[in-house]
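Each chain is listed here by its residues.
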Amino acid sequence: MAEVTLVEAVALAIARAMTEDDRVLVLGEDVGRDGGVFRATQGLLDRFGPDRVRDTPLAEAAIAGVAVGLAACGMRPVAEIQFDGFMLSTLDQMANHAARLRTRTRGRLSCPMVLRAPFGGGIHAPEHHSESIETFFAHVPGLRVVIPSSPRRAYGLLLSAIRDPDPVVFLEPKRVYRAQREAVADDGKGLPLDSCFTLREGRDLTLVAWGAMVRDMLTAAETLAAEGVDAEVIDLATLAPLDPQPILRSVEKTGRCVIVHEAPLTAGFGAEIAARIAEHALLSLLAPVRRVTGYDCVVPLARLESRYMPSVERILAAARDVMSYR
């Protein structure tokens, strides 16, 4: 069992899916000869040939539109958008066509496609390369939004996304593409979509995050443990459709919750989780729900980026604040 990084796990999953199903193909900017900007598709062109690994023009709306057409005709395209900020050009195709195809055709057609993109900040990238726009897609009925946080979950969730009969937006946290290695068996086993993963059991505090923030949250949980606070850590993994039950059960146990995400505070997906807690677990709360997020501004360039990003220190401050309520 090889130890791989998250981006290597993505490559493993795509190659496994292409080997098992000749309907699976890859398209996007520089995905062929260059192997993608982060090398997530490296080697696929040599292995599967140009009919199944297609370099495209710099045209994100066209990439998404072609993927919708391929999926409607029975293929299983995996389309890559080079950076998250450029995904906004795909919203027309994804919201108006991919998400509605099953309903529009009364079940005659489905849209088994995956739209992949590296997302989030933390790598000192230029403008439009560090956004966290998951809420845009999570708001669209008919789209799944999946965000892995580790190599093992990237492999299993991506395989399940490719096999899913409906469209999946798969966002890969670029800050942790190569941040850790994890033993991943290339055995073709998918992980369940539409589910949370409880990574650490606890009785005092519920911590919820997704993507790169999960690593920071786990680090914060270790510090809190040394302070006598037993934190439960939940990796949301699938934002849409949301499975709130693991979060609600945890909050009913702990009475306290901190939600962490990189996207701006206002209308970020953390607000949806806080609303679900208010609706279904309000009487269990011992303290207000706190959100640790990016700010309501454009993601700054390299010199100020660290000021924008949620940090372990900010997570700890929020956790200590909610623990101060007695």
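Scroll up to find the structure.
Source: prediction; values computed, not measured.

Draft legend 1. Highlighting the overall build of the protein chain. When you go through the protein chain residue by residue, the secondary structure sums to 12 helices and 14 strands. By the compact-globule yardstick of 20 Å for 326 residues, the protein chain fits well, its C-alpha radius of gyration being 19 Å. The buried share among the 326 residues of the protein chain stands at 56%. Across the protein chain, the fraction of contacts at a sequence separation of at least 24, relative to all contacts at a separation of at least 6, is 82%.

Draft legend 2. Inspection of the pattern of salt bridges at higher detail. Using the criterion set out here, one finds 24 salt bridges in the structure. Arg-320 is paired through a salt bridge with Glu-227; the nearest N and O atoms lie 2.5 Å apart. Remark: Glu-227 occurs in the loop between helix 8 (213–226) and strand 11 (231–235) and Arg-320 occurs in helix 12 (residues 312–323); sequence separation between them is 93 residues. Under the relative-accessibility criterion, Arg-320 is labelled partly exposed at 41%. Notably, a salt bridge pairs Glu-272 with Arg-276, separated by 2.6 Å at the nearest N-O pair.

Draft legend 3. Here's a closer look at the nonpolar core. Judged by nonpolar contacts, the single largest core of 48 residues is most densely connected at Met-87, Met-94, Met-113, Phe-137, Leu-236, Ile-247 and Ile-273. By residue number, the principal contributor to this core is helix 3 (residues 60–72), which donates five residues. Dropping the residues within four chain positions of it, Met-113 is found in contact with Ala-64, Ala-67, Val-68, Ala-71, Pro-77, Met-94, Ala-98, Asp-166, Pro-167 and Val-168. The next biggest cluster of nonpolar side chains, apart from the first, holds 38 residues, and it includes Ala-154, Phe-170, Val-176 and Ala-237.

Draft legend 4. Inspection of the state of the cysteines at higher detail. The final tally for this structure, using the stated rule, is zero disulfides. Unpaired in terms of disulfides, Cys-196 finds its nearest cysteine sulfur in Cys-257, a separation of 11 Å. The exposure class of Cys-196 is buried, given its relative accessible area of 13%.

Draft legend 5. A look at helix 4 (residues 91–98). The complete set of buried residues in helix 4 reads Leu-91, Met-94, Ala-95 and Ala-98. When helix 4 is viewed along its axis, its buried side chains cluster within an angular range of 120° and face the same direction. Residues of helix 4 that are buried sit in contact with helix 3, helix 5 (101–104), strand 5 (114–119), helix 6 (134–138) and strand 7 (168–173).

Draft legend 6. A look at the environment of Ala-319. Here Ala-319 shows up in helix 12. Along the sequence, Ala-319 and Leu-45 sit 274 residues apart, while their C-alpha atoms lie 47 Å from each other. Contact partners of Ala-319, with chain neighbours within four places excluded, come to Leu-205, Leu-224 and Val-258.

Draft legend 7. Spotlight on the side chain of Glu-262. Position of Glu-262 among the secondary structure elements: in strand 13 (residues 257–264). Buried charged residue Glu-262 carries no salt bridge. Nearest counter-charge: Arg-175, at 4.4 Å. Reaching out from Glu-262, the side chain makes a polar contact with the backbone nitrogen of Gly-121 at a distance of 2.8 Å. Each residue touching Glu-262, except ones within four places of it in the same chain, is listed here: Gly-120, Gly-121, Ser-132, Arg-175, Ala-212, Met-213, Gly-294, Tyr-308, Met-309 and Pro-310.

Draft legend 8. Main features of unusual backbone geometry. Residue Pro-241 is bonded to the preceding Ala-240 through a cis peptide linkage, with omega at -5°. Examined against the element boundaries, Pro-241 turns out to sit in the loop between strand 12 (238–240) and helix 9 (245–254). You will see that Arg-39, though not glycine, has its phi angle at about 70°, which is positive. Here Arg-39 lies in the loop between strand 2 (24–28) and helix 2 (44–48). Phi is positive for His-128, which is not a glycine, with a value near 70°. By relative accessible area, which is 38% here, His-128 ends up partly exposed.

Criteria and thresholds
- Residues numbered from 1 in each chain as written.
- Predicted model: local features only at pLDDT ≥ 70, side-chain atom pairs only at ≥ 80, totals over all residues.
- Heavy atoms only, no water.
- Helix = DSSP H or I, 4+ residues; strand = E, 2+ residues; numbered from the N terminus.
- Rg over C-alpha atoms; globule rule 2.2 N^0.38 Å.
- Buried < 20%, exposed > 50% of the residue type's maximum accessible area, 1.4 Å probe, protein only.
- Contact = heavy atoms within 4.5 Å.
- Salt bridge = Lys/Arg side-chain N within 4 Å of Asp/Glu carboxyl O.
- Core = buried A, V, L, I, M, F, W, Y, C linked by side-chain atoms within 4.5 Å.
- Disulfide = S-S within 2.5 Å.
- Arc of directions from axis to C-beta.
- Lys, Arg positive; Asp, Glu negative; His and termini not counted.
- Polar contact = N/O pair within 3.5 Å; in protein donor to acceptor, adjacent residues only side chain to side chain.

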